[in-house]
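# Chain and residue survey
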Amino acid sequence: MTSGILRIGTGILFLAAATGSARADFSDGKMPDGTYHCEVYLLGMFLNLGDITIKGNVYTGPVTFGTARQGYNYQMDANGVISWLGPLGGYTAGGNSLSMTQATLDGQSPPSFDIIMKQPDGAFTASTCTRGDNQ
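How each quantity is defined
Residues numbered from 1 in each chain as written. Predicted model: local features only at pLDDT ≥ 70, side-chain atom pairs only at ≥ 80, totals over all residues. Heavy atoms only, no water. Helix = DSSP H or I, 4+ residues; strand = E, 2+ residues; numbered from the N terminus. Buried < 20%, exposed > 50% of the residue type's maximum accessible area, 1.4 Å probe, protein only. Contact = heavy atoms within 4.5 Å. Areas by Shrake-Rupley, 256 points an atom, 1.4 Å probe, with all protein chains shown as cover. Phe/Tyr/Trp six-rings, centres within 6.5 Å; stacked < 30°, edge-to-face > 60°.

### Observations regarding the overall build of the protein chain
Counting secondary structure elements, the protein chain contains 1 helix and 8 strands. Its helices and strands taken in sequence order, the protein chain reads α-β-β-β-β-β-β-β-β from the N to the C terminus. The proportion of buried residues among the 135 residues of the protein chain is 26%. Partitioning the contacts of the protein chain with sequence separation of at least 6, the portion at a separation of at least 24 is 38%. When the accessible surface of the protein chain is totalled, it reaches about 8400 Å², and 58% of it is carbon and sulfur.

And the structure:
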């Protein structure tokens, strides 16, 4: 009986430690620095939506060709929801608007975020931006 309680207590401690470390990445309010490649799956294929570069609390892009012209600030809350404080290329052009951006930092795979965009016709499209593995 005592060993069962000990195992349960130890399991809870490990779970709390793992949960704490996953949330710690969000608590500093920023994504890891790097270039994030953004794609959307549409009509049976992946379409390149450009690269977003993040350094500290500043982002540039998305850039498909050439270099970004200007950097803008962004904020990330403790739940990993990103608020872009400037334009975001085609995501915020032509009648499109941002619905939500959710970060994923699980430690097992490269950091990423999903951008949910609302199109002028009311439909929603999601794209995933993943940091290159070599960073």
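### A word on the packing of aromatic side chains
Note on aromatic pairs: each is described by the distance of the centres and the angle between the planes. Under the defined criterion, the tally for this structure stands at 6 aromatic pairs. For the pair Y59 and W84, a centre-to-centre distance of 4.8 Å together with 75° between the ring planes defines the contact as edge-to-face. Of the two residues, Y59 is situated in strand β3 (residues 58-63) and W84 in strand β5 (residues 82-84); the sequence distance between them amounts to 25 residues. By relative accessible area, which is 0% here, Y59 ends up buried. Taking the relative accessible area as the measure of exposure, W84 reaches 11% and is therefore buried. Taken together, the ring pairs in this structure connect Y36, Y59, Y72, Y74, W84 and F113 into an aromatic cluster.

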